[in-house]
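Below, each chain spelled out in residue letters.
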Amino acid sequence: MSLNVATALVSACHSPELLAPAGSPTMLRTALAFGADAIYAGQPRYSLRVRNNEFGRIEALAGAIDDAHAAGRKLYVVSNVLPHNSKVRSYLADMAPVVALKPDALIMADPGLIDLVRENWPEMPVHLSVQANTVNFAAAHFWRKIGISRIILSRELSLDEVAEIRQECPEMELEVFVHGALCIAYSGRCLLSGYFNHRDPNQGTCTNSCRWDYKLKAAGTADADRPGACSSTSAGGSAIGDWLLEEKERPGELMPIDEDEHGTYIMNSKDLRAVEHVRRLTEIGVDSLKIEGRTKSAYYVARTTQVYRRAIDDAVAGRPFDPGLLGELEGLANRGYTDGFYQRHHEHEMQNYLRGHSESGRSLYVGDVIDWHPGRQLALIDVKNRISVGDRLEIIHPSGNRLVALEHMESLDGAVIRVAPGNGHRVWIPLPAELPGAMLARFV
């Protein structure tokens with residue numbers, strides 16, 4: 001069967017799983033409410049997210065699994081650490097109560113830990129983490145032989161390469177990332193954080209050093225001669241480069257770096273946004289589309305899950321891609337967007353509508369609906385960012401979003417006000433009663 005025929009058949013019947021992140025029970029419940037088919041969460045010791053992780057207690061993880069299963073969804077436990085010896089020795093004892101909770105799979109990367117799991121709990125499905133850097137069908141075949149049921153492919157693959165692996169490995173479940181942070185290292189295997197402050201990304205303590213505030217300085221300036229500055233020449237005295245890199249919080253620690261006429265690209269990648277490729281990934285037959293972001297906010301999970309849910313549903317139903325989805329993602333904190341390696345060259349028409357809809361749909365998260373007063377017909381808002389009378393607001397809710405103009409606002413004590421400056425304030429505004437837990441964004 002040709003690839004074109006195969007993908008056409010897949011597109012007619014296949015709906016990929018939408019997999020959302022959770023670093024807390026609140027994020028998990030939000031993801032479920034906004035349409036995620038599955039959630040992934042992990043314990044700090046054995047997953048690569050130590051900070052902003054509320055699943056260190058087994059009771060919290062048990063509650064998450066119960067919540068997902070009660071909703072008819074799945075929960076995968078992330079256990080993708082690349083462990084040193086001490087963690088290997090404690091792994092089986094620590095994971096036994098986790099496996100007893102019956103998560104739907106473990107997400108793993110280390111061959112040694114995978115072998116331990118396969119020996120001790122052969123019935124437990126194992127998904128191969130992106131940390132394992134799978135980029136070809138031969139590797140996929142190898143992992144299937146030792147019992148892996150799903151492979152999370154490396155972010156470095158193009159759409160055509162993903163399609164080829166799908167065709168060569170029809171029996172293997174495939175998962176890809178479609179949204180979230182990108183690393184400057186190969187699928188997250190980075191040592192920059194460990195180099196700067198001895199916090200190893202491969203043990204879950206990454207400080208996102210690639211995203212710090214760096215400045216370029218010309219070599220040979222007065223700054224380069226300050227105590228503590230790195231030398232701009234090699235041991236033999238030859239010049240390494242014309243530029244030195246200085247991080248904001250480490251003044252005087254100047255590191256050699258090269259830059260060409262296009263700039264320097266070793267730091268601070270843009271964020272992945274591949275919503276425009278959901279249809280192609282669905283046609284290819286990818287089994288799961290994954291959103292990165294376990295350390296992000298509930299608002300981030302709500303927005304991304306809602307947008308990618310609609311993109312998947314449109315693709316499966318044969319509806320054309322809605323460019324407005326791009327703008328809805330612009331309201332999230334981001335460092336600029338890229339579709340990564342999926343497509344190397346873009347048509348001008350595609351670039352134009354990507355930019356146009358992103359700019360026209362920009363919004364800012366401004367608050368949460370936390371209560372409603374039936375007598376006054378007003379909703380109590382926990383303000384997160386500045387909000388003013390006259391603002392155009394989007395109400396974000398699992399039942400569907402709606403647009404309103406903010407025409408009236410009151411303080412907690414009932415005084416009419418025009419502006420709530422930002423975080424730490426609570427105000428009353430007119431909203432319908434049927435929007436408990438809604439989030440608000442204003443267009444900018």
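Within each chain, residues carry numbers counting from 1 in the order of the written sequence. Where local features are concerned, this predicted model is filtered to residues with pLDDT of at least 70; where side-chain atom pairs are given and counted, the filter is 80 or more; whole-chain, interface and lining totals use all residues. The side-chain values count all of the structure's non-hydrogen atoms but skip hydrogen atoms and water molecules.

(A) Main features of the overall build of the chain. Counting its regular elements, the chain contains 12 helices and 21 strands. Three labels apply to residues, based on accessible area from a 1.4 Å probe with only protein chains included: buried if under 20% of the type maximum, exposed if over 50%, partly exposed otherwise in between. Taken across its 444 residues, the chain has 50% of its residues classed as buried. In the chain, the proportion of contacts linking residues at least 24 apart, taken out of those at least 6 apart, comes to 67%. In short, Shrake-Rupley with a 1.4 Å probe defines the accessible areas, and a residue's cover is counted only from the protein chains shown. With an accessible surface of roughly 20400 Å², the chain has 52% of that area assigned to carbon and sulfur atoms. A run of DSSP states H or I qualifies as a helix once it reaches four residues; a run of E qualifies as a strand once it reaches two. Both are numbered from the N-terminal end. In this description, contact between two residues means that some pair of their heavy atoms is separated by no more than 4.5 Å.

(B) Inspection of the packing of aromatic side chains at higher detail. The pairing test for Phe, Tyr and Trp rings, Trp by its six-membered ring, is centres within 6.5 Å, and the orientation test on the planes gives stacked under 30 degrees, edge-to-face over 60, and tilted for anything in between. This model, assessed by the stated rule, comprises three aromatic pairs. Seen in terms of ring centroids, tyrosine 46 and tyrosine 91 are 5.1 Å apart; in terms of plane orientation they differ by 90°. Their pairing is edge-to-face. Residue tyrosine 46 is found in the loop between strand 2 (38–42) and helix 3 (58–70), and its partner tyrosine 91 is found in helix 4 (residues 85–100); the two are separated by 45 residues along the sequence. Considered together, tyrosine 46 and tyrosine 91 belong to a single accessibility category, that of buried residues. Both rings, one in phenylalanine 142 and one in tryptophan 143, keep their centres 5.1 Å apart while their planes meet at 70°; by these two values the pair is edge-to-face. A ring has a charge above it when a Lys NZ or an Arg CZ is no more than 6 Å from the ring centre and no more than 35 degrees off the ring normal. Sitting over the ring of phenylalanine 177, arginine 155 keeps its end group 3.8 Å from the ring centre. The side chain of arginine 376 reaches across the aromatic face of tryptophan 428, ending 4.9 Å from its centre.

(C) Fine view of the pairing of strand 15 (residues 378–383). Counting buried residues along strand 15, six of its six residues qualify, which places the element largely inside the surrounding structure. By the alternation rule, side chains of strand 15 split into Leu378, Leu380 and Asp382 and Ala379, Ile381 and Val383, which are all buried. Sheet analysis places strand 14 (residues 363–373) next to strand 15, joined by six bridges and oriented antiparallel. Residue pairing in the sheet places tryptophan 372 in a bridge with alanine 379 of strand 15. Where strand 14 hands over to strand 15, the hairpin turn is made up of four residues, of which glutamine 377 adopts a positive phi near 55°. Two strands qualify as a pair provided that DSSP identifies no fewer than 2 bridges between them.

(D) Inspection of the side chain of arginine 303 at higher detail. Take arginine 303: it is sitting in helix 10 (residues 298–317). Residue arginine 303 is classed as buried on the basis of its relative accessible area of 0%. Discounting chain neighbours no more than four positions away, the residues touching arginine 303 are Glu328, Leu329, Leu332, Ser363, Glu394, Ile396, Asn401 and Ala441.

(E) Representation of the sheet that holds strand 14. The sheet built from six strands is open, its strands ordered 18-17-21-14-15-20 with antiparallel pairing. Each edge of the open sheet carries a strand with a single partner, namely strand 18 (402–405) and strand 20 (426–429). Ignoring strand direction, the axes of neighbouring strands in this sheet form an average angle of 35°. The sheet strands contacting helix 10 are strand 14, strand 17 (392–396) and strand 21 (439–443), and the helix crosses strand 21 at an angle near 75°. The axes used here are C-alpha line fits, helices contributing only the stretch in contact, and every angle between their N-to-C directions lies in the interval 0 to 180 degrees.

(F) Main features of the nonpolar core. Side-chain atoms within 4.5 Å link the members of a nonpolar core, which is a set of buried Ala, Val, Leu, Ile, Met, Phe, Trp, Tyr and Cys residues. Core analysis: the biggest nonpolar cluster contains 91 residues, and Ile39, Leu106, Ile151, Val176, Leu281 and Tyr308 have the highest contact counts within it. Element by element, the count of residues in this core is highest for helix 10, at 10 residues. What isoleucine 39 contacts, discounting residues up to four positions off in sequence, is Leu19, Ala20, Pro21, Ala22, Leu28, Ala31, Leu32, Lys74, Leu75 and Tyr76. Residues Ile387, Val389, Leu406 and Leu431 belong to the second largest nonpolar core, which totals 18 residues.

(G) Region of interest: unusual backbone geometry. With a phi close to 60°, lysine 102 is a non-glycine residue in the positive phi region. When you line up the elements, lysine 102 lands in the loop between helix 4 and strand 4 (105–108). Of note in this structure, asparagine 133 is not a glycine but carries a positive phi near 60°. Along the chain, the position of asparagine 133 falls in the loop between strand 5 (126–128) and helix 6 (137–145).

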